[in-house]
Each structure stands twice: as C-alpha cells, then as structure tokens.
Amino acid sequence: MDGYNGIAIRVRGQVQGVGFRPFIWQLAREAELCGEVFNDSEGVLIRLAQPVDADAFVRRMREQLPPLARLDEVILSPCQLAVSPEAFAITPSVGGSANTRIAPDTATCAECQREMTDPKDRRHRYPFTNCTHCGPRFTIIRQVPYDRPFTSMAPFPLCPRCQAEYDNPADRRFHAQPNACPTCGPQLRLTGPQGSELAREDDALQQAVSALQAGEIVALKALGGYHLAVDATNDAAVMRLRERKRRPSKPFALMALDLTMARTLAHISPAEAEQLQSAAAPIVLLAPKPEGEIAPSVAPGMARLGLMLASNPLQHRLMALAARPLVMTSGNASGRPPCIDDAVALEELGPIADKLLLHNRAIVNRADDSILMVESGVPQLLRRARGFVPTPIPLPPGFEAADGVLAHGPDLKNTFCLLRRGEALLSPHLGDLADPDLFSAYRHNLDHFASLFDFTPALRACDSHPGYLSHQLAEQLARESGTPLMPVDHHHAHLAACLADNGQPLDSAPVLGLLLDGLGWGGTDTEHRLWGGEILLANYRHCHYLEGLPAVALPGGDLAAKAPWRNLVAHLDAACPDWEGRTIPALARLRQQPLDLLRQGIAAGLNSPKASSAGRLFDAAAALLTGVFELQYFEGEAAMTLEALAWQAVARPDAPLPMLSRPALSLNPLWQTLLDGLEQGATPAELALRFHQELAAGLVGRLVHHAQAHGIERVALSGGVLQNRLLQRLLLQGLRAHQLLPLTHAQVPANDGGLALGQAVIAWARHLEGHNP
Amino acid sequence: MTERITLAHGSGGQAMQRLIRDCFLTQFDSAELALMEDQAQLPLAPMVEQGDRLAFATDSFVVDPIEFPGGDIGKLAVCGTVNDLAVGGALPHSLSVGFILEEGLPLEQLERLVRSMAETARAAGVRIVTGDTKVVHKGSCDKIFINTSGIGVIPAARQLGARQVRPGDKILVNGTLGDHGAAILQARGELALSGTLESDCQPLNGLIEAMLAAGTVHAMRDATRGGVAAVCNEIAEVAGHRLQLKETTLPIHPQVRGISEILGLDPLLMANEGKLVAFVPAEHADAVLAAMRAHPSGYDAAIIGDVSTTDNPQVLVEGLYGTCRQLLMPVGEQLPRIC
Ligand SMILES: [Fe+3]
Ligand SMILES: [Mg+2]
Ligand SMILES: [Zn+2]
Ligand SMILES: [Zn+2]
C-alpha cells in the first residue's frame, strides 16, 4: 500500500439541504462501510475506509440520488483517515458553504402529502409540513450557510419530537431546516380586510374555504408571495375580483387540486402533465376544454389557460376542501408589485380581498409563480421564478472559467444574471424597473445575491439603451466600484441567450438569428436605433445586421406600445396611403382618432421615433382585426388576442399548419391583402391567420436566402414575439422544410426575462477575446 | 425695401452709433446707458439699504422662432435673468444685454424685439444699464442671440437655496406647466393647433415678493429648460431627499394636456418661461399658495407634491391609482423603452 487508508469522494452540486448526507449515511451502512460524510465549502466530502469498492458506491449513489440532489462533479482520490473509524458517521460541517447551491422551493412530496391526510399522523392537516425532499428553500433563506437560524424559520424553535427527527440520520427530516409540526411550527390566521383576526389554525383554513365557496375573494400567503383567490367557476365572483383589482381583461391563472381536476378544465399532453407535476410546479399554459366549468371572465379572448397544481401543503389542504378550481392570481394591487410583507399585504390587498389567510412565517425572497408552455414537445419557460430560482443554468462548453460577471438585465421583466464558477445564476423575475419599489428591490437583490453567492463583480454588462434605468444604475455602480462596464445591444443579448440556452459552444461558428420583439436598442447598422424585427448574423462575440423589418414611426413613443391604433395609423400611412378612402367598417373607428395631430407629430419627429418592431406590427394588425384597438390593458394583449383569433381559423391545430411560401417579407402587400380581404368579406379570423402565415413565410424566405448566402444551417429564434405559438410553429415548420435547424428557448424565456443571460455570456466571451469596454 | 442689419452695424463706426442711439437708447431709456461709457456705474448706498448680498446671474437666449405667441426672444432674455435673480430671493436691480445679430436681420424686427425688452424690463422694475452688439456673417448665427446678465440685492433675512429644503416641505408651482414648450412647437409650424396657446413668458419677481411676504419659502427655482423634472431632480440630489409629485394635482392647460396625451409628451419635462417651483414648509404652504393665487402670475398655482426623507434621493410621480414612476433627469429626447 502507499500509506493511504481510505478513499475521499468529493461531491459538488446541489447537495446541501436536500438530504444528501443521510442518504450517504444509509448507503454506507447498507454496504457496512466505515468512514464519514460532512458538508464543507465545496459541497460534500465522503471518506470511506479501505477496503472499499468506491466505484460501486458512487454508482449506487448516482442511481438512488435523493429527489432534490443534483450532482455537478464527483471526484475520487486516495486519502488518509487519522483514526480508523469503526462505523460510518455524519460529522460536523467544515468551512462556509459559499460554493454550494441553494435549492429552489419544491412541491410537497408524496410522503408529506400522505402524512397530512393520515388522521393518526402528528402532522395530520398541518399546512407547513415539509422534509428534506420538499418544501420551502430559496424563499426563506436570509443568508448562507443554509441553517435554520439564517432562515425565516429562526423564530420557531424545534419541539423535542421535531428535534429528534432533525438529529436522526435515518429520518426523512434529518437536517431539514424548515422542519415543523403543529406544536412548534408556523400557524395560520384568518383576518378581515382591516386585519382583525377571525380565526386561527385549521379553523382559519376552514373559514377561508367557506368564504371561497361563497364567492368571496381571499388573499393567501404562499411561498414567495401572496395570491388572490376566488372560485374560478363563479363568474360574478371573478368579475368582482377584476373590478377590485382594476384588471379588466388580463387572464387569471388557475389552480387545480391535482391532475384529475386539471384534466376536466384543459387538454393536457403527457409532456404538459409532467411539467404540472414537476417539483417546480409552474403555471402551464394549456388549451382549455370548451366543456370545462371555468367562468368566462377568467381568461376572456385567450387561446390558453394558465393552470398550476396545488404544490405546498396549505394549497393541498385548501384545494382539497374547496373541491373546485380557484383563480390564483398574484397578490398585488393594480400597477403595484406583488407584496411579500404582511403589513404591505394588508394595506394593498385589504381593499381587494374579503378575507386574508395569513401565517407567521416571513417571506424573505419574493418568487412569483413561474410560467411555461410546452410547444412542439419542448417545455419553454416564459417566466422563471419560483421552483427554478436559484438553480444555476449550466453554461456551454468553453465557458468553464466564466466568473465574476454581473449582467444587469433589461428594464422590463427584469432579471439579472451572475456568471460564477462556470455557471449562470439568474435572479427571479422582478418586473418593470420604472416602478420605484421594484427599482429599490432590484438594488437590494443585486446586493443580496452577491452576498448569498459570495460574489464580487469584476465585469459588468448592461443593455445599451441609454434610457434604461438598469443601464444608468450599471454605469453608476461601475463608476463607484471601478469595474469595467460592457453595454450590449438588446437583440444580440437575446440571440446569445438563445445560443447559451441551446448549449452552443463558446467558439461555435456564427448562426443566423431571427429576433422578434417589441423594442430594443440596436446597433449602428441602421439609421433607426430601435429594433424589434431583425435578422442578424452572430456568435457570442460579434453581431452583424443583415436585414430587418422596415422602420415605422412609433407615434407617441411608449404610448404606441399601449395603444394599438397608433401603430395601425403609422403602418397604414406607410403602406396604403389611400386607406382613408376605403369603405371598411373596421377603419371607421380609426378615422375618429386624432389623426391630424398624430401625423403632425410624426412629420415633425415629435416623440415618434422610427422602429422596426415586430411587436408593434402585431399591435397594428390586432387594431385592424380584433377588439383590442384603443388600449391594451396588459402587455401583449393585442398580440395574444390576434393569435387566439387566428387559431380559430386553423382547422386542425395538431396537424402540420398550412404554409405559404414567399421570397421576402414586404409589408405593403401584406397590408393591402388585409384591407382587400376585409373589403371582400373575409372573416377577421381568416385574415389573422393569413397575417401570421405571410409574416412567417416572408421571414423564412429571407432566412433561407441568408442561410444559403452564408452557408449556415442554424437559426436562433428569440424575442418576446416568439411566445406566439402559432408564429413559432409556422417558423419552425418553414425552417425545417428547408433543412434549417431552428434553435428555440427552453430554460430561459425568449422574452426579456432571459436577456441577462445573453448579456453575461457576451461580456465573458468578449472579455476572453481581450475586448476591453 | 426693408432695412436690414449689415456687418457695418457691428463695426464700431457710424452705422453702429446710429443703431445704438436710435434703437437701444431711445427704447431702454437708461441714464447709465446714455452716458455711453464702457461701464455702468451703480451707487452702492441704496443697495446696501436693501440687503446684505448681491445676486449675480447670466443667461443666453437662442430660440426658434424669435417671435411666438405670448412673447419673443427679447422678452425671454429679460424674464430669464430677472427670474434667475428673483428665485434666489433677490430684488432684481439692473441688467446688461449683449446682442449677437445675424447679417440680414430686418431692422424693424430688431426694433420690435428691443421694444419688447424695454417693456418687459419696465414691468419687472429693472433697468438695462450696459450693453454690447456684434454682427456676424449670415449663417454664423440664427437671426439673433441675446445674452443678459443681471444683479439684484438679497435682503438680509432671506436664505433661500436647495440645501434649505426639508422633509415635509410642500412643492408648489405658480401655474400651468409646459405652455412655453407647446407654444414654441405651434409657432414653429410643427403643430397646427386651433386655439390660443401662448408662452407663459413673464417676470416672476412681483409674484415672488408676494409669496415671501405671505410666509417662509425654503427654495425656489424657475422651471425653464428640462421643465419641472429637471428642477425637481436637481433639488432631490442637492437636498438628498425624495420628492413625490401627484400627477392629478399638476396644473396643465387643456390644450397642452391634449397635445401631451396624443403625442406622449410629458408636461413635467416641457419648458416654461414664467413658472417657478417653490419648496415651502407645510405650515406656510396654504398662506403662500393663497398669495400666489391672488397674484396675476399665480392664478393657477397649486401644491403638486411634497418632500420626504430617503436614503436614495429621487423624484417620484404618483399616478391615478397610487401607481408610481420615477421621474428622471431629462436626457435629450424621450426614448421609448417598452419592449
Ligand atoms: Fe426584448
Ligand atoms: Mg435660466
Ligand atoms: Zn416531503
Ligand atoms: Zn415540532
């Protein structure tokens, strides 16, 4: 022998706070091995005394891994054990835990659910049960290491029985930091809208359920925020929520007890079922069943329902008692960010809710419900928050050394991104930084993430839009801290996020990018700096403009993003100047708008910059073909309504879609087609479909052209407009028909919520190339 | 044939003497100017009686067009410096004026502008005591540029300045916002508006004296270029406080509101030439407001917000249902940012 008497197994990944050490302890005991296991700053270290078949041990470890554990790296090396151990033990943690992962919040496991329904179990009906396999994580963590005193469970000392579970490696709750029971854990409280207490504990829950069944609005404290709940089958109740929330039309998300209940409401594919039941338990966008009993005012005019399953113990209990689907929308007042603080919740939700079901465990980190859709079998995240954050996103080959990069993200749907030890850490979805509370939450989160993950930025990236608040803050912080700052053009960032999402290596050859979104600061290749419908040729480092949609005025600047008719004027004036002479009923309402002043503004260049925006093109078409004309009550309302309308004209939604073939996209004939169609009596649904088909056909035509010209086969598709499933499907179908390989988003949103990842990888790639900002 | 300014009018020779005598001296009606010395000599004694500090301000004026509804560049040049002096609590005393004239400017138009300056100075109770004229080649400037500088006397008891602003102060304006900016757009022919929108160009020293007589004022600024937004951001930064404005309380001329709603322009960012923003302790706010409303330059005065403590100085605008937005220091043109 060589003086070593043992084997050390170094394990990195998500291995702390997920029952990993007791799992190893059990594994070692079963194999009658001697040694130890402990947490350290790198993850977990296992030491096994010789003789041992370490390879077999690692194999079993991989096979039987606890549900929340994720292995990034397992390294074996010989080691010296000081005293020959006579058994296997879990020994005290060593060092910090800065380099280990924090787990996301996780849906209640089957075993915890079973206990809740077992009248003999001491946690029968207890709405805060959890174990090492499930429960709150990210949303309760104040600081690392992840130990109870550093979480919002700190004020709840463990009772002797919970402590015994916590200390017993054979128990499912061994070192479960949020471990709790009715004796020692958080408790429910039901209050009226002014905060007066109505009931406690299970009474509180029962009364909340009765209120819901009676059509009342109940605010609920969940994991990463509050919800407003109401009976989803009661139209009057849903309408009341709309009035009180001043939310006329934005669709509400629903919660079902389980998959069985969900299937009565929507068509659910196996892939969608898998997502609904996943540990992250996101909202999944589903095709509603017409015979479902959902109130019409839940998602008026939408092609999809947003639905999630009960995923925390409180929700399981509530949904089981309510025995019907509930609207479960985020708990915020109109125009206000979701609250996480009880006092704020009472102030802002009190006027909306009839009752508030609260509890005494604080929410430390806000995490909204995540949203995803399964398109062509691929789950695509549209909002990445609860259940996903802060799980790192692996970076493609070539980024192994990426470190110290902070990408500040966009202004809307803000998330920011840290590149740290070869991984990307994306913050949870925040929202529009123009809101002063969100802006200060943004500043706070930047610091909070830096401390949680022991991160100091050495290089910053931000959007190149000079008017973005994130841009201005990044400039200020870069100046104050002396870190270099790299501004990144909006659509290059979208494209790079898509590349990284698809694991494209750092040094891959350039790809084509099709970038379709509302608006972003573009490069100097065009006179107009506001892009939103471009074909680019790019890799992580460089980005070349090939062509884009024609630039059309945005009359009123940001108002154009809110009022679809403004874009219709701009587009029709540009494409069919004779439109006012046409006898089309749909144009009558447009003629009644203050066209003169608007046109003078456009002519004088008064707050009417030109932009090549696909989003505004959709808005214009929606203003012509749908009822969303005057004002969008929520972002994307016009485009989503247009898409829903177009689907009505699709005979077989699951079959290949009828395609057109066009060499190029020309807007003038497109608008002529739509106006002619209206004159000749075509239905709005047919024309909405035609609009999608023409747009997809023209874009595919140009992409095929550029692919041939540059000898490229990969096409990255990104930008918020790609959330339009009809357009996305038409584009994919068209590209594949020409043997091109489309890259779409999956782990990060195609919308601005994924932008920070793109900014970060571009900054790192340029940094490696020696590009100094 | 209209007589026009030629390079000779700036040569120092006879043409220039004639211009000064016939145009400037007759209009400005100023003893110091009439002496035609290289400087104006101002006795100190009467000033010392009025106060213990001299206020001194300068501003240059370029505007297209040079005549517009409600004013012209001459009136603007007098009001601008008078107001810069007065918002510091000074009693405006005398002004200098420097003209840069473009070759070819009709003499008759110059005379009109000079007359307007003289009338405005009389209305504001200040005298133009020294001046200078240059003529530049056609194309070297746009018709006429004017610089005015002025001095005023600050009474001993007055201490106004951004650093005096305190949490709890109310924020007041003396009338409708953005009138000047909108009037200029109209005058340029960029917007053909029906109605009678006029620039608010006016001297504010009379109004300010009435305000100071009614109560304590911590600070005042005239909200010219960059509008109320620029003023509020400067004050927030210097004073280190949060300024919160209420959108619904902003006085806005219906026509300006109409233009703003259609073109997406923010009246808070639009230029004024006769509007001040005052920071008044809450207990004096009503009295000061009443004094403003009793004055012809403050009919539409309003309390538009208040000051509070913060560790992050900023200006917020509260909308209809309590929604809030940050009002930033204007950076060039408004750029859309909604993706
Ligand atoms: Fe975007
Ligand atoms: Mg000034
Ligand atoms: Zn569990
Ligand atoms: Zn307990």
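Residues numbered from 1 in each chain as written. Chains lettered and ligands numbered in written order. Predicted model: local features only at pLDDT ≥ 70, side-chain atom pairs only at ≥ 80, totals over all residues. Heavy atoms only, no water.

An unreviewed UniProt entry lists chain B under the name Hydrogenase expression/formation protein HypE, with Ferrimonas gelatinilytica as the source organism. Comment text from UniProt for chain B, heading Sequence similarities (unreviewed entry), reads "Belongs to the HypE family." (UniProt positions renumbered as here; feature names shortened; annotations may be inferred.)

Under the annotation held in an unreviewed UniProt entry, chain A carries the name Carbamoyltransferase HypF and is attributed to Ferrimonas gelatinilytica. Turning to chain A, the UniProt record has this under Sequence similarities (unreviewed entry): "Belongs to the carbamoyltransferase HypF family." You can read under Pathway (unreviewed entry) in the UniProt record for chain A the words "Protein modification; [NiFe] hydrogenase maturation."

Another aspect to go through is the overall build of chain B. Along the backbone of chain B there are 10 helices and 13 strands. The globule rule puts the C-alpha radius of gyration for 339 residues at 20 Å, and the 21 Å found for chain B is close to it. Looking at the 339 residues of chain B, the share that counts as buried comes to 54%. Counted over contacts in chain B with a minimum sequence separation of 6, partners at least 24 positions apart contribute 85%. Accessible area of chain B: about 14,500 Å², with a carbon and sulfur share of 52%. (Helix = DSSP H or I, 4+ residues; strand = E, 2+ residues; numbered from the N terminus. Rg over C-alpha atoms; globule rule 2.2 N^0.38 Å. Buried < 20%, exposed > 50% of the residue type's maximum accessible area, 1.4 Å probe, protein only. Contact = heavy atoms within 4.5 Å. Areas by Shrake-Rupley, 256 points an atom, 1.4 Å probe, with all protein chains shown as cover.)

Residues and elements named next belong to chain B. Pairing is mixed across the open sheet formed by 4 strands, whose spatial order is β1-β6-β4-β5. Each of the sheet's edge strands pairs with one partner strand only, and the pair in question is β1 (53-61) and β5 (127-136). Put simply, the sheet's adjacent strands are angled 15° from each other on average, direction ignored. Looking at chain direction, strand β4 (residues 91-102) and strand β6 (residues 144-154) are connected through 10 bridges and run antiparallel. Bridge pairing links serine 96 to serine 149 in β6. Along the sheet, helix α4 (residues 73-86) makes contact with β1, β4 and β6, crossing β1 at roughly 150°. (Pairing = 2+ DSSP bridges. Axes fitted to C-alpha atoms, helices over the stretch in contact; angles between N-to-C directions.)

So, on to the coordination of the zinc ion (ligand 3). All names here are of chain A. In this structure, Cys109 (SG), Cys112 (SG), Cys131 (SG) and Cys134 (SG) serve as the protein donors to the zinc ion (ligand 3), at separations of 2.2 to 2.4 Å. Coordination at the zinc ion (ligand 3) is tetrahedral, judged from the 4 donor atoms that bind it and the angles of 104 to 117° they form at the metal. All donors of the zinc ion (ligand 3) belong to a single chain; written as a sequence motif, their spacing is C-x2-C-x18-C-x2-C. A relative accessible area of 14% means that cysteine 109 is categorised as buried. Its relative accessible area of 0% is what places cysteine 112 among the buried residues. (Donors = N, O, S within 2.8 Å, 3.2 Å for Na, K, Ca; no water. Tetrahedral: all angles 85-135°; square planar, octahedral: opposite > 155°, others 65-115°.)

With that settled, consider the coordination of the magnesium ion (ligand 2). Ideal geometry at a metal gives 109.5 degrees between four tetrahedral donors and either 90 or 180 degrees between six octahedral ones. Residues and elements named next belong to chain B. Distances from the magnesium ion (ligand 2) to its protein donors, Asp59 (OD) and Asp84 (OD), fall at 2.3 to 2.6 Å. Here aspartate 59, found in strand β1, pairs with aspartate 84, found in helix α4; they are 25 residues apart in sequence, far enough to count as distant. By relative accessible area, aspartate 59 is classed as partly exposed at 27%.

Let us look at the domain arrangement of chain B. All names here are of chain B. Here chain B is described as being made up of domain 1 (7-154) and domain 2 (162-326). Using C-alpha coordinates to define each centre, domain 1 is positioned 27 Å away from domain 2. Contact with domain 1, which involves 21 residues of that partner, is made by 22 residues of domain 2. Of the roughly 1,700 Å² buried between domain 1 and domain 2 on both sides combined, carbon and sulfur atoms contribute 65%. Of all residues in domain 1, Pro69, Asn83 and Val87 give up the largest surface area on contact with domain 2, accounting jointly for 33% of the area buried on that side. For the pair domain 1 and domain 2, the interface holds 0 salt bridges. Across the contact surface, domain 1 and domain 2 share 6 residue pairs in polar contact (both at pLDDT 80 or more). Mapped by element, the contributors of at least two residues to the side of domain 1 that touches domain 2 are α4, β4 and α5 (107-124). Among the elements that take part in the side of domain 1 that touches domain 2, α4 stands out by supplying 8 residues, more than any other. Classifying every residue of the side of domain 1 that touches domain 2 gives 13 nonpolar, 5 polar and 3 charged. (Domains from an automatic or database assignment. Buried area = accessible area lost by both parts, 1.4 Å probe. Salt bridge = Lys/Arg side-chain N within 4 Å of Asp/Glu carboxyl O. Polar contact = N/O pair within 3.5 Å; in protein donor to acceptor, adjacent residues only side chain to side chain. Nonpolar A, V, L, I, M, F, W, Y, C, P; charged D, E, K, R; others polar.)

Further remarks concern the sheet that holds strand β8 (residues 219-222) of chain B. Residues and elements named next belong to chain B. Pairing within the open sheet is mixed, and its 7 strands lie in the order β8-β10-β7-β11-β9-β12-β13. For this open sheet the edge positions go to β8 and β13 (324-326), each flanked by a neighbour on one side alone. Going from strand to strand, the sheet's axes swing by 25° on average, the running direction of each strand aside. Taken together, the 4 bridges between strand β7 (residues 170-173) and strand β10 (residues 276-280) define a ladder with antiparallel strand orientation.

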